[in-house]
Amino acid sequence: MGIMVKVGMADLNICSSPDALTTLGLGSCVGITLYDSVSKTAGMVHVMLPDSTKIKNNENFAKFADTGVDALIEKMVLAGANRNRLIAKIAGGAQMFAFSSNNDMLRIGERNVEASKAKLASLGIRIIAEDTGLNYGRTIEFYAGTGELYVKSVGKPLKIM
Amino acid sequence: MPNINLDNMDNMQFDVLKEIGNIGAGNATTALSTMINSKVDMNVPKVDLLELKELPDLLGGAEEIVVGILITLEGEINGMMMFMMDQASACRIVDILMGKTTAIEEFTEMEYSALREIGNIIAGAYLSSLSTLTGIKIHASIPYMSIDMAGAILSVPAIEFGKVGDKALIIETQFTKDDSDVNGYFILIPTLESYDVILRSLGL
């Protein structure tokens, strides 16, 4: 059994087989995972906001979908992953409160998902699985040995993708 | 350009935000006490600036099931205000209000609406004290509620704080009625510009 490495809010980390990465209670944030199945290198970034260029305090790369993915890839490549082999799985981006209004502040989950997908597409990284949106929290676990992403939610069966 | 930075706030600014927290929580207690027609005590609220990544650990861990009530603010101040409590506290509030013990899994629309109303009253009292203190008009939305993992619920205010910096302003309060404690957390999340409005209205 490997170790479970915790990834906090606006945080990123990598690991290799047999270890795993986890982020607990993902809400409107998005967990982006990248995987190189040959070197069995796994990476996870927990992004909170879509776009670093819209924010003044943007030193924390892991906070944003655009800079978070770049920083994660860089770290994985340093650890021996091949950039061209990376595939992605994403989860999160829920709308935790059922607002009726169309306030931009409240659609942040959806915007995070859109931005994550756009960023991955611009780098030519394929998203092979996703569990995003809706209105509930998710805990995710990403296993470097298999590349499997476990999604756990309150009152719902475990989802393996 | 807003001139406040939560990551690097001076003592004076922090004290002011803290004091607003104290007064607001005091008013909220009075409102709660009036509603349930019984004496409610409150301890001195704890006001903290927490790192965003510490936030989910507030209520016993990111995966702990909690109740979050959210109200959005519009007017001269924009942002949101959240009131959070753990499961045990939510059950106690329902018990106090409706005179029956119900497990959180068995909550129906009746219990939800009681909790939403409590959130509404507490947040409303808090906001009216802020408004009185600063002379700023604040319009609050209806209360929205979610029962889910603490981390997931907290992601909503955390994201708003995340636009501003890497810290969040949290006010922890504890209400006591007879021997049952209700622990609650207020999170006030004005937009960056609104912080300036608040501080400026107080002559800072």
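Being a predicted model, the structure only gives us computed values, none of them experimental.

Asks: It is not clear to me how the confidence of the model for chain B should be interpreted in this structure. Could you clarify?
Replies: Residues shown with low pLDDT carry predicted positions that ought not to be read at fine detail. Residues at a pLDDT of 70 or more form 93% of chain B, whose mean pLDDT is 79. Confidence metrics for the complex model read pTM 0.85 and ipTM 0.88.

Asks: When you look at unusual backbone geometry in this model, what are you seeing that I'm missing?
Replies: Negative phi is the rule for most residues except glycine; trans is the rule for most peptide bonds. Residue and element names in this part refer to chain A. Between Ser-17 and Pro-18 the backbone carries a cis peptide bond, its omega angle lying at 5°. By the secondary structure assignment, Pro-18 is in the loop between strand S2 (11–16) and strand S3 (20–26). Look at Ala-10: it is not a glycine, yet its phi comes out positive at around 55°. Relative to the assigned elements, Ala-10 resides in the loop between strand S1 (4–6) and S2. What makes Ala-10 buried here is its relative accessible area of 10%. Here Lys-40, not a glycine, exhibits a phi torsion of approximately 50°, which is positive.

Asks: Any chance you could explain helix H2 (residues 108–122) of chain A here in plain terms?
Replies: It helps to recall that an α-helix has 3.6 residues per turn; residues three or four apart then point in one direction. With 15 residues, H2(A) ought to run about 21 Å at 1.5 Å a step, and its terminal C-alpha atoms sit 21 Å apart, in line with that. Of the surrounding elements, those touching the buried residues of H2(A) are strand S4 (30–36), strand S5 (41–47), helix H1 (65–78), strand S6 (87–92) and strand S7 (126–132) of chain A together with helix H4 (150–162) of chain B. One or two steps after H2(A), the chain reaches A:Gly124, where phi turns positive at roughly 70°.

Quick notes on the rules
Residues numbered from 1 in each chain as written. Chains lettered and ligands numbered in written order. Predicted model: local features only at pLDDT ≥ 70, side-chain atom pairs only at ≥ 80, totals over all residues. Heavy atoms only, no water. pLDDT = per-residue confidence, 0-100. Helix = DSSP H or I, 4+ residues; strand = E, 2+ residues; numbered from the N terminus. Buried < 20%, exposed > 50% of the residue type's maximum accessible area, 1.4 Å probe, protein only. Expected span 1.5 Å × (residues − 1). Contact = heavy atoms within 4.5 Å.

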